[in-house]
Protein chains: 2
Amino acid sequence: MSTQQTVAVVGLGLIGGSVARGLAAQGNRILGYDSNSASLDAALSSGVVTRPLSPTLEEIGDADSVIIAVYGDSALDVLQRINAKAEDVGLVTDVGSTKRGIVAAAEAVPLGRLFVGSHPLAGDHRSGWAASRADLFANETVYLCPARQASDSALTRARELWISLGAKPVEIEAGAHDDLLAWTSHLPHLVSIALAIALEEAGISRSQLGPGGRGLTRLAGGSPDVWTPIILENAAAIESAVEGIERQLMMIRKFLRTGDREIIRERLENARSWAG
Amino acid sequence: MSTQQTVAVVGLGLIGGSVARGLAAQGNRILGYDSNSASLDAALSSGVVTRPLSPTLEEIGDADSVIIAVYGDSALDVLQRINAKAEDVGLVTDVGSTKRGIVAAAEAVPLGRLFVGSHPLAGDHRSGWAASRADLFANETVYLCPARQASDSALTRARELWISLGAKPVEIEAGAHDDLLAWTSHLPHLVSIALAIALEEAGISRSQLGPGGRGLTRLAGGSPDVWTPIILENAAAIESAVEGIERQLMMIRKFLRTGDREIIRERLENARSWAG
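Residues numbered from 1 in each chain as written. Chains lettered and ligands numbered in written order. Predicted model: local features only at pLDDT ≥ 70, side-chain atom pairs only at ≥ 80, totals over all residues. Heavy atoms only, no water.

Caption draft 1: The sheet that holds strand 4 (residues 65–68) of chain B, seen in detail. Residue and element names in this part refer to chain B. Here five strands make up an open sheet; going across it, the order is 3-2-1-4-5 and the pairing parallel. Strands with a single pairing partner mark the edges of an open sheet, and in this sheet they are strand 3 (51–52) and strand 5 (91–94). Sheet analysis places strand 4 next to strand 5, joined by four bridges and oriented parallel. Directly across from isoleucine 68, in strand 5, lies its bridge partner aspartate 94. (Pairing = 2+ DSSP bridges. Helix = DSSP H or I, 4+ residues; strand = E, 2+ residues; numbered from the N terminus.)

Caption draft 2: View of the relation of the copies chain A and chain B. Here chain A sits on chain B after a turn of 180° about the axis and a move of 0.0 Å along it, with an RMSD of 0.1 Å. Seen this way, the second copy is the image of the first under a two-fold rotation axis. When each C-alpha of chain A is compared by its distance to the rotation axis, leucine 216 of chain A comes out closest, at 2.5 Å. Comparing interface residues between copies, 99% of those in chain A also sit at the interface in chain B, which points to an isologous, same-surface contact. (Least-squares fit on C-alpha atoms with pLDDT ≥ 70 in both. Contact = heavy atoms within 4.5 Å.)

Caption draft 3: Broad picture of the domain arrangement of chain A. Residues and elements named next belong to chain A. According to the domain assignment, chain A contains domain 1 (6–172) and domain 2 (177–275). For domain 1 versus domain 2, the distance between C-alpha centres works out to 32 Å. Facing 13 residues of domain 1, the contacting portion of domain 2 comprises 12 residues. Together domain 1 and domain 2 conceal approximately 1100 Å² of surface at their shared face, both sides included; 62% is due to carbon and sulfur atoms. For the domain 1 face of the interface with domain 2, the top three residues by lost area are Tyr71, Thr98 and Arg100, together amounting to 48%. At the surface where domain 1 touches domain 2, the tally comes to two salt bridges. Viewed at the interface, domain 2 and domain 1 are joined by six residue pairs in polar contact (both at pLDDT 80 or more). At the level of secondary structure, the elements contributing two or more residues to the side of domain 1 that touches domain 2 comprise helix 4 (100–107) and strand 7 (141–146). Of all the elements, helix 4 adds the most residues to the side of domain 1 that touches domain 2, at three residues. When grouped by side-chain class, the residues that make up the side of domain 1 that touches domain 2 number six nonpolar, five polar and two charged. (Domains from an automatic or database assignment. Buried area = accessible area lost by both parts, 1.4 Å probe. Salt bridge = Lys/Arg side-chain N within 4 Å of Asp/Glu carboxyl O. Polar contact = N/O pair within 3.5 Å; in protein donor to acceptor, adjacent residues only side chain to side chain. Nonpolar A, V, L, I, M, F, W, Y, C, P; charged D, E, K, R; others polar.)

Caption draft 4: Fine view of the sheet that holds strand 6 (residues 116–120) of chain B. All names here are of chain B. Judged by pairing direction, the sheet is mixed, and its three strands sit side by side in the order 6-7-8 without closing on themselves. If you trace the sheet from one side to the other, it starts and ends with strand 6 and strand 8 (168–171), each paired once. Taking the axes of each pair of neighbouring strands and ignoring which way they run, one obtains an average angle of 30° across the sheet. Pairing between strand 6 and strand 7 (residues 141–146): five bridges, direction antiparallel. For histidine 119, the partnering residue across the bridge sits in strand 7 and is tyrosine 143. (Axes fitted to C-alpha atoms, helices over the stretch in contact; angles between N-to-C directions.)

Caption draft 5: Here's a closer look at the interface of chain A and chain B. Facing 69 residues of chain A, the contacting portion of chain B comprises 69 residues. The largest contributions to the chain A side of the interface with chain B come from Leu256, Leu268 and Trp274 of chain A, which together make up 12% of the buried area. Inspection of the chain A/chain B interface yields 10 salt bridges. Here aspartate 73 of chain A ties to arginine 261 of chain B by a salt bridge, and the two come within 3.5 Å at their closest N and O atoms. Our count for the contact surface shared by chain A and chain B stands at 16 residue pairs in polar contact (both at pLDDT 80 or more).

Rendered as structure tokens:
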């Protein structure tokens, strides 16, 4: 992205904060908003955000690009709120983990021609402005899901923005994105949660686990605010993925019952060669 | 453990090698054996092992304590082989992940009065002598499962040996140990394997996962040589544990189908407070 642009970042948590820091470090001017005034104050006093946006996001039209970095249904609200005000903006994007809903919402409004959904595969076990950092996206994949009517120039801007943050853009249709992520992200998350609850019901505390079990239950500590909307939005695709692992567990249980050494060994070899 | 003892270590892989290194560093004399002659040579040339044992383990009676650090059924073979030769030894222990079988085997032979099974909760994704290190057991739990007829002095020796390596001994009956480990260790391992195979069948490669999914499938890369005998020996207890997570996954799938936001949120909160 060429520098000296004005970028509005709505939501200054881990992801929004990291976008703001990375773009500010390249000499862009950052307009920022967060419903948590302590986060907004911290972003302003760090010098990363140069001007606060008002809660109505009235000044959004001053930006060359807009990043919506709030989670769940709030992103849809922001989209509706800025729809009439973003006419002169060159790009509107978000950073959510599911893309079908937000892209469909953008396609239904005039702002759709500016909209390219983003999903950077980056995170941290901590959250909030304090955990954000300019290099969070370095070498990570970012999925880009343009609205049907998105202009070439909006897509080019989205690519350039993420490349300037060190990420590697991959274009994918919103529905295909959500189907893929059901397997690569949402399934591992729910497996970690199911394991945590099964262990809890068996009376096992996390401190009784070895390093392997601790690794498998780490994701279960994730924020319900972040994950509830993701799970609900992508429920149908996740259902199939959960069925996929249930099938494997049932099969393992069958082999345990028959005590078939060869088949158990073969499954373990198979898993190891996939895990490489 | 008082220093200047003679300790025989049979099997110089990650665990046996680490025991040998830790005890040698305290001034004990280590007799060592490994069926892989390159490992034995490396242990000898490092100075950790001062004398090799012959493949028949003829010289085992020279040791004050014996550590059997080979995996699976091989540990039972070693136990049988040394049974008549270990009369003057003060302690015979092993390091296997399941304890019912080896403790029962020790209880059936005269050597049982010297036998205290051990299971140190330590590991590494690498294996073999090259990966072993003197501090592998620092601050980790080690379960101790004495044979029914084990002498107090054998149990005291076992405690002192592991404490001298920095581990924290916890005494537990062999069957109770295996039932507990089915949940804390064997279940997480099999969940990782089931997830890996489900992802493979869905056409997903490990490189498509984010950091969360990579963490959950790391255990799937474990050695089939190590895990096949563990899984088979503890099959009945593992079956119940696998059923436990299947039940949770089925319940999650039901809530996905009904789209019940409150219940999904409650499950996530529940898992988070356990993982806390």
